[in-house]
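Take a look at the letters that make up each chain.
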Amino acid sequence: MVLVVGGAGYVGSHVCHALRAASEPHLVLDNLEKGHRQAVEGSPLVVGDIRDPNTVKRVLAEHMPDTVMHFAACIEVGESVRDPAKYYWNNLYGVLVLLEAMREASVERFVFSSTAAVFGEPHYVPIDENHPTCPTSPYGDTKLAVERMLRAFDVAYGIRSVALRYFNASGAQPGANIGEDHDPETHLIPRAILAALGRVPPLVVFGTDYDTPDGTCVRDYVHVSDLARAHLLALAHLRADGPSRAFNLGGGEGRSVREVIESVERVSGRKVPHSFGDRRPGDPARLVASSKLIQSELGWRPRFVDIDEIVSHAWVWHSAHPEGYRS
Ligand code: UFG
C-alpha cells in the first residue's frame, strides 16, 4: 500500500491514476489547499496536513503503507522569494514531520518530487545528475535540502528514497478527466491555452533577448503521464531493494516559448494573443534534462515527446474545463 501525500494535485493525481490502473492499493493524504477532491475520484482520500504530526502518525498506524510518495509542496519560484517562510514550513518542515513519523512507524521507502530548480543557472545542457546543484530560489533551496536530508536519513535510519527531479511537467492523461489546475496559473502551456480561449489576458512572453535560437527561453516539457510512470518504476525499484537515487526527468528536447505558442496555435486552430515583455527574474535561458540515468537504471522512456501531442492533451483538458475542476 502506497501513501500518496499531496495526491490531489496535478502530478499527484496522475500518479494516483497510474496506481489505480496498476491495481496498486493506495491512499491519498491531502489538505486540499491546492489540491482538488475531483482529481482523485476513485482513490481513497484522507483530508489532512503533513505538518500535523498526529494526523500523519494516525494515517501511518491505521493504513501501514510500505511506501510514501510526496507531492505536497508549494511550487512557485517567485512566491518562494516573496514568502520563503511558507516554503520552509511546507516543503521542508512538512517533509521532516513526515519522515519522522515514517521512522517511528518503520516505513522505509520514500519517493520524492524534486525539481530542475535544484540546479539553478545551468553550466551546461543537457543537465545530468553530475551537474552541480546551486538553487537560485528558496523553492529550489527547500527541495535540495530535502534531497540532502534523504541522503542522511538513508545512511542513519535506512529510509531509502528516489528523488525525481521534474523539468517542465505538462499535458494531461488522455481520457481520464484530470489535468492542470493551479491558482494562480503561472505555467506557460496552460496560460497560452487559456489566452487562446480568451479566459485570461493575452500572454506576455518573458524576454526575447536570451542566448537561444529565437531569443526566448528553452524548456524541457515532460508529459505528466510519463512522470507518473516514473513513480511506479521508482516504487518497483525500492521494493526490489534498489539503492537511493536522484534522477532527472525530462522529455529530452528543448522547446522555446515561441515554439510552444506556435504549437498551441496549431493544435487549437486559434491565435494565442500575446505580447513581448521583459525577462522574468531568475529564469535561466535553457533548462534541458538528460534523462539517461533513469532510462538505464529503471528502464523509463518518455512516451510523449512530440510537443504537439503534449499540448493537444493539455488542450483537451483545458477546453473542456476552462475553469479547471470548477467547470
Ligand atoms: N513564460 C512566459 N510567459 C508566461 C509564463 C511563462 O514567457 O506567462 C515562460 C517562462 O519565462 C519560461 C517558460 O515560459 O521561460 C516556462 O515557464 P513556466 O513558468 O511554465 O515554467 P518554469 O520553467 O519557470 O518552471 C518550471 C517548474 C518549476 C521549476 C522550474 C525549474 O514549473 O516548478 O521549472 O526552474 F522550479
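For clarity, every value in this text was computed on a predicted model and none was experimentally measured.

What follows concerns helix α4 (residues 84-104). Taking 1.5 Å per residue, 21 residues should reach 30 Å; α4 reaches 29 Å between its end C-alpha atoms and fits that length. The sharpest bend along α4 reaches about 30 degrees and sits at tyrosine 93. Of the positions making up α4, those classed as buried are Tyr87, Asn90, Asn91, Gly94, Val95, Val97, Leu98, Leu99, Ala101 and Met102. In this fold, the buried residues of α4 make contact with β1 (2-5), α2 (53-63), β4 (67-70), α3 (77-82), β5 (109-115) and α5 (138-157). Remark: serine 106 follows α4 within two positions and exhibits a positive phi of approximately 55 degrees.

Our focus in this paragraph is the nonpolar core. Formed by 30 residues in total, the largest nonpolar core has its most connected members in Val11, Leu164, Leu249 and Ile294. Mapped by element, the contributors of at least two residues to this core are β1, α1 (10-21), β6 (160-166), α7 (224-239), β10 (245-249) and α9 (292-298). At seven residues, the largest contribution of residues to this core is made by α7. Non-local contacts of leucine 164, meaning those with residues more than four positions away in its chain, are made with Val111, Phe112, Ser113, Ser114, Thr115, Ala230, His231, Phe247, Leu249 and Ile294.

The environment of the ligand is made up of 21 residues, and the closest members are Leu188, Val204, Arg219, Arg280 and Asp283. Residue asparagine 168 places a side-chain N or O atom 2.9 Å away from an oxygen atom belonging to the ligand. For the ligand, whose unbound accessible area comes to 690 Å², protein coverage reaches 91%. Contributing elements (two or more residues each) for the shell around the ligand: α6 (188-196), β8 (203-206) and β9 (218-223). The dominant element in the shell around the ligand, judged by the number of residues it contributes, is β8, at four residues. Looking at the shell around the ligand, its residues break down into 13 nonpolar, four polar and four charged.

Cut-off values and rules
- Residues numbered from 1 in each chain as written.
- Predicted model: local features only at pLDDT ≥ 70, side-chain atom pairs only at ≥ 80, totals over all residues.
- Heavy atoms only, no water.
- Helix = DSSP H or I, 4+ residues; strand = E, 2+ residues; numbered from the N terminus.
- Expected span 1.5 Å × (residues − 1).
- Bend = angle between axes of the 7 residues up to and from the residue.
- Buried < 20%, exposed > 50% of the residue type's maximum accessible area, 1.4 Å probe, protein only.
- Contact = heavy atoms within 4.5 Å.
- Core = buried A, V, L, I, M, F, W, Y, C linked by side-chain atoms within 4.5 Å.
- Near = heavy atom within 4 Å.
- Polar contact = N/O pair within 3.5 Å; in protein donor to acceptor, adjacent residues only side chain to side chain.
- Areas by Shrake-Rupley, 256 points an atom, 1.4 Å probe, with all protein chains shown as cover.
- Nonpolar A, V, L, I, M, F, W, Y, C, P; charged D, E, K, R; others polar.

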